[in-house]
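# A structural walkthrough
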Amino acid sequence: MSHNKFYGEISQKWGQCAQLETLLIVGNNLIGSIPPEIVNADKIHRLDLSSNHLVGAIPKEFGRMTSLQKLMLNGNQLSGCIPSEFGLLVDLEYLNLSSNKLIGSIASTLGDFLKLYHLNLSNNQFSKGIPLKLEKLVQLNELDLSHNSLEGSIPPEISKMESLQTLNLSHNNLSGFIPLSFEGMHSLSYVDVSYNELEGPIPNNRAFRQALLEALQGNKGLCGDVEGLQSCTVGPRKDRKWVFGITFSLIVAILLLSAFFTIKFIVERKKKHLEKAEKCLHEEISFLVLNFDGKSMYEEIIRATENFDFTYCIGSGGQGSVYRANLSSDNIVAVKKLHQLWDGEKNLETAFLNEIRALTEIRHRNIVKLYGFCSHHQHSFLVYEFVERGSLATILRKDEEAKEVGWRKRVNIVNGVAHALAYMHHNCMPPIVHRDISTKNILLDSKYEASVSDFGTAKFLNLDSTTWTAVVGTYGYVAPELAYTMEVNEKCDVYSFGVVAMETIMGRHPGDFFSSFLSMPSSSTSLSASTLPPHQMSVVDVLDQRILPPTHQEAREVLSLMKIVFSCLNPSPHSRPTMRQVT
């Protein structure tokens, strides 16, 4: 069924096709996640769902599809890690997961696919090093790990892939020398190691000798007999190895000495800090993703912000201020410093711990990533990924920036927020209610992809009892029932989502528009409503006038979106849809 115009979600009923061996739905407009039930069709040996718009994680149930020989999920928007259960697919011969949003390290279990001859993981967000276990893939012809964030050195063990013909490691953060053992890879005919941090001579191998300059450029200092590449100044090959040995030994010695003095310095500094330390609830410094020592990272952020100087501040709120920090590792992070957490302010302390708990337990491409936190008597802060364009509220407030956000982008922004809330409400256990969904807490990256932020007021629901709490949130976004009841559930977020979506469409907070809308009979605000509210204004009057009117296709999407928004704004919480229904 490939290369048509099919749309909608993949039906879970494919799992009932007990005799199905091949399923190809390439290049359509499929959305939603991959249904885990598809694994029940356990005779499938070739599954290709590439070039669609699929989201969510790769189902761990795929490990039960032991008949799989070819799996192509490339060209989607899949997120999360490669499931460890993949290691059970021992008959897999062809695997392509490229051009998604997969994160984490490359699973070492891929080294168990001894029949694999093609592996493409390019254009994702994989980090850490290349797993040594890949050396077992002796049947592999093609390996593409390009356009990720892989770091460390190239393992010499790759040279054991005796069948490898094509190797692409370009556009990563790999460093050090290219292993000399590559000279024995006689099957290798194409190689691309461009745009890394590699240095030293290229191996005396046909693939490297015949490589174009484009396949070697963008590195720290590669040299060799390739046109456009600098010549290696070291003479004969034996001398070169001898020089490398001495250089390597010197570097190791220097690093050991540096480590010794650094540790001694940190120990002395720690003693001084202990003398000044005040009693506190618990002092903890933990950096979850950046792989830095906590104490070093604490000092790095203090340095990068010049002790939280106002010039680095990019936003401020009731709980704290947000600073931009350029780290020495070329990472840019956002640091949310809380106001005097250790002065007995219980609400701030609760918000701080709440945000840590929420963001360390959830991972979604439309939820801002927490890199780490510092709970310290002097400074308490949270470290997030830096989202370039800032908040949706700020962009809508500025005419010039708002004009850059067309209807397609606005629908996509609302879609991203909906998927984040649906994940929190329906895929987390216990469910999480954000309680402060507003345009100031929706952040946009360079491509106008939305991320939900600020989980300081988030609530973990107890499914066995009613959850009661004090009213929190931003005025103008809080569900009306919270004025007379303090019961918190997912429908509070659904209402706030409706306000955010309406503000995105109108370019301003709906405000007065609500009063006339909420006075309508409830029947006209259902999800199946076929018309907009029966007022004198037309749809065009409601839309943001600063951008061009939507095209015919865009108008249909915006109109459909507005119908859903009205159902979210129903005064009765029981009449609002769930976020799963909204998505």
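Residues numbered from 1 in each chain as written. Predicted model: local features only at pLDDT ≥ 70, side-chain atom pairs only at ≥ 80, totals over all residues. Heavy atoms only, no water.

### Focus on the overall build of the protein
Heads up, the condition is: By the criteria applied, helices consist of DSSP H or I runs no shorter than four residues and strands consist of E runs no shorter than two, each listed in order from the N terminus. The cut-offs for exposure are 20% and 50% of the maximum accessible area for each residue type, with area from a 1.4 Å probe on protein chains only; residues under the lower value are buried, those over the upper are exposed, and the others partly exposed. When checking whether two residues touch, look at their non-hydrogen atoms; a contact exists if any pair is within 4.5 Å.
The secondary structure content of the protein amounts to 12 helices and 29 strands. Burial analysis of the protein (583 residues in total) assigns 47% to the buried set. In the protein, once contacts between residues fewer than 6 apart in sequence are set aside, the share between residues at least 24 apart is 54%.

### Some points on the environment of Tyr-371
In this fold, Tyr-371 is placed in strand 23 (residues 370–375). Sequence spacing of Tyr-371 and Glu-385 is 14 residues, and the spatial spacing of their C-alpha atoms is 6.7 Å.

### Thoughts on the sheet that holds strand 6 (residues 70–72)
The condition that has to hold: Two strands make a pair as long as DSSP finds a minimum of two bridges between them. A fitted line through C-alpha atoms represents every axis, and for helices the fit uses only the stretch in contact; the resulting angles, taken between N-to-C directions, go from 0 to 180 degrees.
Spatially, the 8 strands line up as an open sheet ordered 2-4-6-8-10-12-14-16, and their pairing is parallel. The two strands at the open ends of the sheet, each matched to only one other strand, are strand 2 (22–24) and strand 16 (190–192). Strand-to-strand twist across the sheet, computed as the mean angle between neighbouring axes with direction ignored, equals 10°. With 3 bridges joining them, strand 12 (residues 142–144) and strand 14 (residues 166–168) adopt parallel strand pairing. By the bridge assignment, Asp-144 is partnered in strand 14 with Asn-168.

### Details of the side chain of Asn-441
Checked against the element boundaries, Asn-441 lands in the loop between strand 26 (432–433) and strand 27 (442–444). Given the relative accessible area of 3%, Asn-441 is considered buried. Not counting the four nearest positions on each side in its chain, Asn-441 is found in contact with His-434, Asp-436, Ser-451, Val-452, Ser-453 and Asp-454.

### Let's talk about the sheet that holds strand 28 (residues 450–452)
Spatially, 3 strands are ordered 25-27-28 in an open sheet, and the strand pairing comes out antiparallel. Looking along the sheet, the strands with just one partner apiece sit at the ends: strand 25 (390–391) and strand 28.

### So, the pattern of salt bridges
So the rule is basically this: The working definition used for a salt bridge is a side-chain nitrogen of Lys or Arg within 4 Å of a carboxyl oxygen of Asp or Glu.
Under the definition given, this model contains 15 salt bridges. Lys-440 is the salt-bridge partner of Asp-436, the closest N and O atoms lying 3.6 Å from each other. In this structure, Asp-544 and Arg-546 form a salt bridge, with 3.0 Å as the shortest nitrogen-oxygen distance. Accessibility expressed as a relative area gives 23% for Arg-546, which makes it partly exposed.

### So, the state of the cysteines
So the rule is basically this: For this text, the term disulfide refers to a pair of cysteine sulfurs within 2.5 Å.
For the coordinates displayed, the defined rule picks out 1 disulfide. Between the sulfur atoms of Cys-223 and its disulfide mate Cys-232 the distance is 2.1 Å. Because the sign of the S-S torsion sets the handedness, a value of about 95° for the bond joining Cys-223 and Cys-232 places this disulfide among the right-handed ones.

### Focus on the packing of aromatic side chains
To be explicit about the condition: Stacked, tilted and edge-to-face pairs are distinguished by plane angle, under 30 degrees for stacked and over 60 for edge-to-face with tilted covering the rest, among Phe, Tyr and Trp rings (Trp via its six-membered ring) whose centres lie within 6.5 Å.
Applying the stated criterion across every chain, the model contains 5 aromatic pairs. Pairing Tyr-94 with Tyr-117 gives two aromatic rings, centres 6.0 Å apart and planes at 70°, and the pair type is edge-to-face. In this pair, Tyr-94 sits in strand 8 (residues 94–96) while Tyr-117 sits in the loop between strand 9 (101–105) and strand 10 (118–120), placing the two residues 23 residues apart along the sequence. Overall, Tyr-117 belongs to the partly exposed group, its relative accessible area being 28%. Aromatic side chains Phe-182 and Phe-208 sit 6.3 Å apart centroid to centroid with 50° between the ring planes, which places their arrangement in the tilted category. Taken as a pair, Phe-182 in the loop between strand 15 (173–177) and strand 16 and Phe-208 in helix 1 (residues 206–209) lie far apart in primary sequence, 26 residues in all.

### Quick notes on the packing of helix 7 (residues 407–426) against helix 8 (residues 490–506)
Packed helix pairs are specified by the crossing angle of their axes together with the interaxial distance, meaning the distance between the axes. So the rule is basically this: Throughout this description, any angle smaller than 35 degrees is read as roughly parallel, any larger than 145 degrees as roughly antiparallel, any in the 65 to 115 degree range as roughly perpendicular, and the remainder as oblique. Ten residues, namely Ala, Val, Leu, Ile, Met, Phe, Trp, Tyr, Cys and Pro, are considered nonpolar, four, namely Asp, Glu, Lys and Arg, are considered charged, and the remaining ones, Gly among them, are considered polar.
Running from N to C, helix 7 and helix 8 point in directions that differ by 170°, and their axes come no closer than 10 Å. Between helix 7 and helix 8, the crossing angle belongs to the class labelled roughly antiparallel. Residues Trp-407, Arg-410, Val-414, Val-417, Ala-418, Leu-421 and His-425 of helix 7 touch helix 8, and the partners they reach there are Glu-490, Asp-493, Phe-497, Ala-501, Thr-504 and Ile-505. Each residue belonging to the contact of helix 7 with helix 8 can be placed in one class, and the counts come to 8 nonpolar, 2 polar and 3 charged.

### Considerations on helix 8
Under the convention used in this document: Expected helix span is computed as 1.5 Å times (number of residues minus one). Any pair of nitrogen or oxygen atoms within 3.5 Å is treated as a polar contact; in protein, a donor-acceptor pairing is required on top of that, and neighbouring residues in sequence qualify only through side-chain atoms on both sides.
The terminal C-alpha atoms of helix 8 lie 25 Å apart, and with 17 residues this matches the ideal 24 Å at 1.5 Å per residue to within 8%. Counted residue by residue, helix 8 has 16 buried out of 17 residues, so it is predominantly covered. Sitting at the amino-terminal end of helix 8 is Asn-489, which places a side-chain oxygen 2.9 Å from the backbone nitrogen of Lys-491. Phi turns positive, to about 80°, at Gly-507, one or two residues after helix 8.

### Some words on the nonpolar core
The line we're drawing: Only buried residues count toward a nonpolar core, which is a set of Ala, Val, Leu, Ile, Met, Phe, Trp, Tyr and Cys residues joined through side-chain atoms within 4.5 Å.
Ranked by internal contacts, the top residues of the largest apolar core, which has 64 residues, are Phe-62, Phe-86 and Leu-95. The residues touching Phe-86, leaving out its near neighbours within four places in the chain, are Ile-58, Phe-62, Leu-71, Leu-95, Leu-97 and Phe-113. Residues Met-424, Phe-497, Met-506 and Phe-566 belong to the second largest nonpolar core, which totals 62 residues.

### Re the pairing of strand 24 (residues 380–385)
Of all 6 residues making up strand 24, 6 are buried, and the element is well covered by its neighbours. As defined by bridge partners, strand 22 (residues 332–338) adjoins strand 24 across 5 bridges and the pair is classed as antiparallel. Pairing of Val-333 across the sheet is with Glu-385, part of strand 24.

### Looking at unusual backbone geometry
Its identity as a non-glycine residue notwithstanding, Lys-128 has a phi of 65°, on the positive side. Position of Lys-128 among the secondary structure elements: in the loop between strand 11 (125–127) and strand 12. According to the relative accessible area criterion, Lys-128 is partly exposed, its value standing at 41%. If you check the backbone angles, Asn-307 has positive phi at about 60° while not being a glycine. Tracing the chain through its elements places Asn-307 in the loop between helix 3 (294–304) and strand 20 (313–316). On the basis of relative accessible area, Asn-307 is assigned to the partly exposed category, the value being 44%.

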